[in-house]
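Architecture and fold: a report
The residues making up each chain are set out below.
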Amino acid sequence: MDKIIDESLSFAVEQYSLMADVMLDRPDLLPRTIDEEGNLVTAKSNWWTSGFFPGSLWYLYEYSGDEKIKDAAIQMTSRVEREKYNRGTHDLGFMLYCSFGNGFRLTGNTDYQDVMLTGAESLITRYRPNIGCIQSWNSRREWQCPVIVDNMMNLEFLMWAFRMSGDSTYYRICVNHSDTTIKNHYRPDYSSYHVVSYDTITGSVEIKQTHQGAADESVWSRGQSWGLYGYVVMYRETGLERYLDHAVRIADFLIGHRNMPEDMIPYWDFNAPGIPDAKRDASAAAIMASALIELSGYVQAPLMEKYLQVAEKQVRSLASSSYRADPGGNGNFILMHSVGSIPGNSEVDVPLTYADYYFIEALIRLRNL
Ligand code: GLY
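Below: a short report on this structure. (Residues numbered from 1 in each chain as written. Predicted model: local features only at pLDDT ≥ 70, side-chain atom pairs only at ≥ 80, totals over all residues. Heavy atoms only, no water.)

Moving on, we get to the packing of aromatic side chains. A complete count under the given rule lists 25 aromatic pairs for this structure. Relative to Tyr-112, the ring of Phe-100 has its centre 5.1 Å away and its plane inclined at 85°; by these criteria the two rings are edge-to-face. With a gap of twelve residues between them, Phe-100 in helix α4 (residues 92–107) and Tyr-112 in helix α5 (residues 110–124) connect regions that are remote in the sequence. Accessibility expressed as a relative area gives 2% for Phe-100, which makes it buried. Using a relative accessible area of 9% as the deciding quantity, one classes Tyr-112 as buried. Measuring from ring centre to ring centre gives 4.8 Å for Tyr-357 and Tyr-358, while their planes differ by 80°; the resulting arrangement is edge-to-face. You can call Tyr-358 buried: its relative accessible area is 2%. Here the guanidinium or amino end of Arg-187 rests over the ring plane of Tyr-193, the centre of that ring lying 4.0 Å away. Over the ring of Tyr-267 we find Arg-280, and its NZ or CZ is 5.0 Å from the ring centre. (Phe/Tyr/Trp six-rings, centres within 6.5 Å; stacked < 30°, edge-to-face > 60°. Helix = DSSP H or I, 4+ residues; strand = E, 2+ residues; numbered from the N terminus. Buried < 20%, exposed > 50% of the residue type's maximum accessible area, 1.4 Å probe, protein only. Lys NZ or Arg CZ within 6 Å of the ring centre and 35° of its normal.)

This paragraph deals with the site of the ligand. What surrounds the ligand is the set Trp-48, Asp-150, Gln-212, Trp-220, Arg-222 and Trp-226. In the model, a nitrogen atom of the ligand is placed 2.7 Å from a nitrogen or oxygen of the Asp-150 side chain. In this structure, an oxygen atom belonging to the ligand sits 2.7 Å away from a side-chain N or O atom of Gln-212. Burial of the ligand by the protein chains amounts to 94% of its free accessible area of 200 Å². Broken down by class, the residue content of the shell around the ligand amounts to three nonpolar, one polar and two charged. (Near = heavy atom within 4 Å. Polar contact = N/O pair within 3.5 Å; in protein donor to acceptor, adjacent residues only side chain to side chain. Areas by Shrake-Rupley, 256 points an atom, 1.4 Å probe, with all protein chains shown as cover. Nonpolar A, V, L, I, M, F, W, Y, C, P; charged D, E, K, R; others polar.)

Let's shift gears to the side chain of Asp-150. Checked against the element boundaries, Asp-150 lands in the loop between β5 (145–148) and α6 (155–165). Of note is the side chain of Asp-150, whose polar atom sits 3.4 Å from the side chain of Trp-226. Beyond its immediate stretch of four places on either side in the chain, Asp-150 contacts Phe-94, His-194, Trp-220 and Trp-226. (Contact = heavy atoms within 4.5 Å.)

This brings us to the nonpolar core. Grouped together as the largest cluster of nonpolar side chains are 118 residues, with contacts concentrated most on Leu-228, Leu-292, Leu-295 and Tyr-358. Not counting residues within four places of it along the chain, the set of residues in contact with Leu-228 comprises Tyr-186, Ala-247, Ile-250, Ala-251, Met-288, Ala-291, Leu-292 and Leu-295. Core analysis: the second largest hydrophobic core is formed by seven residues, Ile-131, Cys-133, Val-147 and Val-196 among them. (Core = buried A, V, L, I, M, F, W, Y, C linked by side-chain atoms within 4.5 Å.)

So, about α6. Buried within α6 we find Leu-155, Glu-156, Phe-157, Leu-158, Met-159, Trp-160 and Ala-161. Along its buried surface, α6 packs onto α4, α5, β4 (133–134), α7 (168–185) and α8 (221–238).

In this model, α5 (15 residues) spans 21 Å end to end at C-alpha, consistent with the 21 Å of a helix rising 1.5 Å per residue. Taking the backbone nitrogen of Asp-111 as reference, a side-chain oxygen 2.8 Å away marks Asn-109 as the first, capping residue of α5. (Expected span 1.5 Å × (residues − 1).)

Glancing now at the packing of α7 against α8. One can describe the packing of α7 onto α8 by two numbers: an axis separation of 11 Å at closest approach and a directional angle of 140°. Between α7 and α8, the crossing angle belongs to the class labelled oblique. Both α7 and α8 take part in a crossing whose hand is left-handed. Counted together, Tyr-171, Cys-174, Val-175, Ser-178, Thr-181 and Ile-182 of α7 and Tyr-231, Met-234 and Thr-238 of α8 form the full contact between these two elements. Partitioned by chemical class, the residues of the contact of α7 with α8 number six nonpolar, three polar and no charged. (Axes fitted to C-alpha atoms, helices over the stretch in contact; angles between N-to-C directions. Parallel < 35°, antiparallel > 145°, perpendicular 65-115°, else oblique. Left-handed = near helix turned anticlockwise from the far one by under 90°.)

On to the pairing of strand β6 (residues 195–198). Looking along a regular strand, one sees the side chains alternate between the two faces of the sheet. Alternating residues of β6 divide into Val-195 and Ser-197 and Val-196 and Tyr-198, and every residue in both groups is buried. Note: β5 against β6, four bridges, orientation antiparallel. Counterpart to Val-147 in the pairing with β6 is Val-196. Bridging between β6 and strand β7 (residues 205–209) involves four bridges; their strand directions are antiparallel. By the bridge assignment, Val-195 is partnered in β7 with Gln-209. Hairpin connection between β6 and β7: a loop of six residues separates the two successive antiparallel strands, and Gly-203 in this loop has a positive phi of roughly 80°. (Pairing = 2+ DSSP bridges.)

Nothing here speaks to function; it is geometry throughout.
Shown next as structure tokens:
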């Protein structure tokens, strides 16, 4: 395993160094994916994935100590700063914590801390006390107050803000959001709905649906990984056993699912039409692997071994030529074969910047064990 980890991280340094060269000539933009011709698709800072490339560069700087990677990380991080005032999205955790958060962790730069505290203040303006959740997307015709399971991923950022500021508002919001999500997003088998929309006046559930999954009652893979990761973090940050218990049950549900493939890289939806020929989602596997590595540290044998073995299997699969790009190929992204949204016919079977981020994170976590 050590060889695979080092070889994959060295490859990632090379590949993202090439990506950084390309991006330094494209002011204000961040990499997102590639199009059908293999050309790089970029995004502005207000797209939800903007923080992943800077965040990956910080991880790769941590691994390599390479000053060129650090300079690129600083540049790319600065491109996301303006989002600290963005009150129109729940995605500030992805945008600001992956970028500025890793930068702050590695450099202690207090300017980064200020950016994040401003961003955390922006994010909690979306908290709806009568619902007990942070609103994900803005209201639209079909949803008064949509909350997606992905939103569990913003809580690490807010728990950081709690620790830094001492303001218990952040803690209360995170715990309320987590508890409401367990109550309303999760089914008895520990799979999750994608979208739960709430009535803004009564605070009660308006509708449970999907947006990126195969069906309202299906098990959209990346959403399951986001939820797993979110509850592992909430256990780490609060020590509340109910979050550990929930994370363990999600993990066991996913690992034991009859449609989990042999190589442990999930189909884009566990109920996708066309299984076993349905598209895989490498991003779901990378997020799940990273979460399982952390979770393995919070449980005893035999669960500890089980989670680590699954995570290692996922990392081995992702590091193989089936999923990992050739040097200089794949638009300089690291992993192939992720799925953004099949219902939206967007980013199907492509590299995605967040698949790379969580793959790199999983590699670093394994290396640090
Ligand atoms: N909302 C982020 C995702 O597509 O997973």
